[in-house]
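Chain by chain, the residues:
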Amino acid sequence: MMDKKMILDDGLLEQFLLGELDADENLQIEQLLVSDAELKAHYSHLEQDFERLGLDNAITPPDFVKAQLLKKITDNIKQTKEVTLESNRNSNWFLGIAASIALLLFAGSAWMYNQLNSFKQKLEIVENEKLELDNKINTLNKQLNNELALLTTITHPDTEQYILKGNTLMPEGKVISYVNHETKSVIVNTERLPELDEAHDYQMWADVEGEMINMGVISKGSILAVMSYIEHAESLNITIEPLGGSDHPTVERLVTNVYLN
């Protein structure tokens, strides 16, 4: 069952106006247009936009079409004047005029059909551009929400900050970690981690009673990375592992660690 929101969000009024809906859908929209003044006003505005767009993009029929039609009508009129007054005289005259009018209507219909197709193509382009814009907006909103979530965790009053300084294997390295035991979240700032080759990744581990538990692979190219929170962690540790991470840490490639309070 259609409602106003569905009609507006899915562009059904445009399809209704272009005659692209089935009989049941047309009936539902007609009923809503009668009962909903706001929807009726929107439809009227849409009709005006369609008419304006059609006029703005109107193509004048070639001059030869008009000339041929006028000649056809003139010839039919001359023929009716030349025949004798017979019982079928009026009938032939009207048939000639009717044929001319039919030809005129056919030419006009063909022209209007081409105009409608052109308008539909332009409408499809606009709808595709709108869809692409909506997708970009959704992507930006997701990125913004993620960044706000990171900022909220970092600035939370219960968040504790720990500095992981590089050892002899990575003396220039430095990682800032943000740990919140209330929200059970861990975020690391990896801006000062030296870049690795394509065959290796940094991986973070939590030491719980002597057992190293995987906290996740640190994403390349990201300054802030969300890691898994591990209960009762005594220290945070980062190792260099093969691309994609390992099941167990390569201890000899431990580059930095810090003990938690």
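**Section: the overall build of the protein chain**
Here is step 1 of the chain: Within the protein chain, the secondary structure is distributed over 6 helices and 8 strands.
Here is step 2 of the chain: If you list the helices and strands of the protein chain from N to C, you get α-α-α-α-α-α-β-β-β-β-β-β-β-β.
Here is step 3 of the chain: Looking at the 261 residues of the protein chain, the share that counts as buried comes to 29%.
Here is step 4 of the chain: Across the protein chain, every contact between residues at least 6 apart in sequence was considered, and the portion connecting residues at least 24 apart equals 57%.
Here is step 5 of the chain: Surface exposure of the protein chain reaches about 17800 Å², of which carbon and sulfur atoms provide 56%.

**Description of the sheet that holds strand 5 (residues 211-217)**
Here is step 1 of the chain: The sheet built from 4 strands is open, its strands ordered 5-4-7-8 with antiparallel pairing. Taken across any chain shown, the strands that pair with only one partner, and hence form the sheet edges, are strand 5 and strand 8 (254-259). Put simply, the sheet's adjacent strands are angled 30° from each other on average, direction ignored.
Here is step 2 of the chain: Summarising the sheet, strand 4 (residues 200-208) and strand 7 (residues 235-242) pair through 8 bridges and their orientation is antiparallel. Residue pairing across strands places Asp207 opposite Ser235, the latter belonging to strand 7.

**What about the pattern of salt bridges?**
Here is step 1 of the chain: Within the structure shown, the criterion is met by 4 salt bridges.
Here is step 2 of the chain: Between Asp201 and Lys220 there is a salt bridge, with its nearest N and O atoms 3.7 Å apart. Note that Asp201 is positioned in strand 4 and Lys220 in the loop between strand 5 and strand 6 (224-227), a separation of 19 residues in sequence.
Here is step 3 of the chain: Lys220 sits in the partly exposed class, given a relative accessible area of 45%.

**So, a nonpolar patch on the surface**
Here is step 1 of the chain: Residues Leu144, Leu148 and Leu151 make up a contiguous nonpolar surface patch of about 270 Å² in total accessible area.
Here is step 2 of the chain: Examined against the element boundaries, Leu151 turns out to sit in helix 6 (residues 89-155).

**Brief notes about the environment of Ser219**
Here is step 1 of the chain: Among the secondary structure elements, Ser219 is positioned in the loop between strand 5 and strand 6.
Here is step 2 of the chain: Remark: the alpha-carbon pair of Ser219 and Tyr202, spanning 17 residues in sequence, is separated by 8.0 Å.

**What about the nonpolar core?**
Here is step 1 of the chain: The biggest cluster of nonpolar side chains holds 25 residues, and the ones touching the most others in it are Tyr202, Met204, Met215, Met227, Leu236 and Ile238.
Here is step 2 of the chain: Once residues within four sequence positions are removed from consideration, Met204 is found in contact with Leu164, Val188, Ile213, Asn214, Met215, Gly216, Met227, Leu236, Asn237 and Ile238.
Here is step 3 of the chain: Counting residues in each nonpolar core, the second largest holds 11 residues, with Leu12, Leu21, Ile29 and Tyr43 among its members.

**Some remarks on the pairing of strand 4**
Here is step 1 of the chain: Most of strand 4 is tucked away, with 8 of its 9 residues classed as buried.
Here is step 2 of the chain: With 6 bridges connecting them, strand 4 and strand 5 associate as antiparallel partners. From the neighbouring strand, Gln203 faces strand 5, where its bridge partner is Val217.
Here is step 3 of the chain: Between the end of strand 4 and the start of strand 5, which pair antiparallel, lie 2 residues, with Glu209 showing a positive phi angle near 55°.

**Some words on helix 3 (residues 23-35)**
Here is step 1 of the chain: Counted at 1.5 Å a residue, the expected span for helix 3 with its 13 residues is 18 Å, and the 19 Å between its end C-alpha atoms agrees.
Here is step 2 of the chain: For helix 3, every residue scored as buried is listed here: Asn26, Gln28, Ile29 and Leu33. Buried residues along helix 3 cover an arc of 165° about the axis, so they all sit on one side. In this structure, helix 3 carries Ala23, Val34 and Ser35 as exposed residues pointing more than 90 degrees from its buried face.

**Description of unusual backbone geometry**
Here is step 1 of the chain: The backbone of Lys184 sits at a positive phi, close to 55°, despite the residue not being glycine.
Here is step 2 of the chain: With respect to the element layout, Lys184 can be found in the loop between strand 2 (174-180) and strand 3 (185-192).

**A word on empty space enclosed by the protein**
Here is step 1 of the chain: Taken as a whole, this structure holds 1 cavity of 30 Å³ or more when the rule is applied.
Here is step 2 of the chain: Of the voids in this model, the largest cavity is the one considered here, and its volume is about 40 Å³.
Here is step 3 of the chain: If you go around the largest cavity, the residues you meet are Val179, His181, Val186, Met215, Tyr229, Ile230, Ala233, Leu236 and Leu260.

**Comments concerning the side chain of Thr239**
Here is step 1 of the chain: Tracing the backbone shows Thr239 in strand 7.
Here is step 2 of the chain: Engagement of the side chain of Thr239 in a polar contact is seen with the side chain of Glu241, the distance being 2.6 Å.
Here is step 3 of the chain: Other than its neighbours up to four places away in sequence, Thr239 contacts Asp201, Tyr202, Gln203, Trp205, Pro249, Thr250, Arg253 and Leu254.

Here is what the cut-offs are and how they apply
- Residues numbered from 1 in each chain as written.
- Predicted model: local features only at pLDDT ≥ 70, side-chain atom pairs only at ≥ 80, totals over all residues.
- Heavy atoms only, no water.
- Helix = DSSP H or I, 4+ residues; strand = E, 2+ residues; numbered from the N terminus.
- Buried < 20%, exposed > 50% of the residue type's maximum accessible area, 1.4 Å probe, protein only.
- Contact = heavy atoms within 4.5 Å.
- Areas by Shrake-Rupley, 256 points an atom, 1.4 Å probe, with all protein chains shown as cover.
- Pairing = 2+ DSSP bridges.
- Axes fitted to C-alpha atoms, helices over the stretch in contact; angles between N-to-C directions.
- Salt bridge = Lys/Arg side-chain N within 4 Å of Asp/Glu carboxyl O.
- Patch = residues over 30% accessible without salt bridge, like charges linked within 9 Å, V, L, I, M, F, W, Y side chains within 5 Å.
- Core = buried A, V, L, I, M, F, W, Y, C linked by side-chain atoms within 4.5 Å.
- Expected span 1.5 Å × (residues − 1).
- Arc of directions from axis to C-beta.
- 1 Å grid on protein atoms, 1.4 Å probe; cavity = no way out; pocket = protein on both sides within 12 Å on 5 of 7 lines; lining within 4 Å.
- Points joined across faces, edges and corners; volume = space filled by probe spheres on them.
- Polar contact = N/O pair within 3.5 Å; in protein donor to acceptor, adjacent residues only side chain to side chain.

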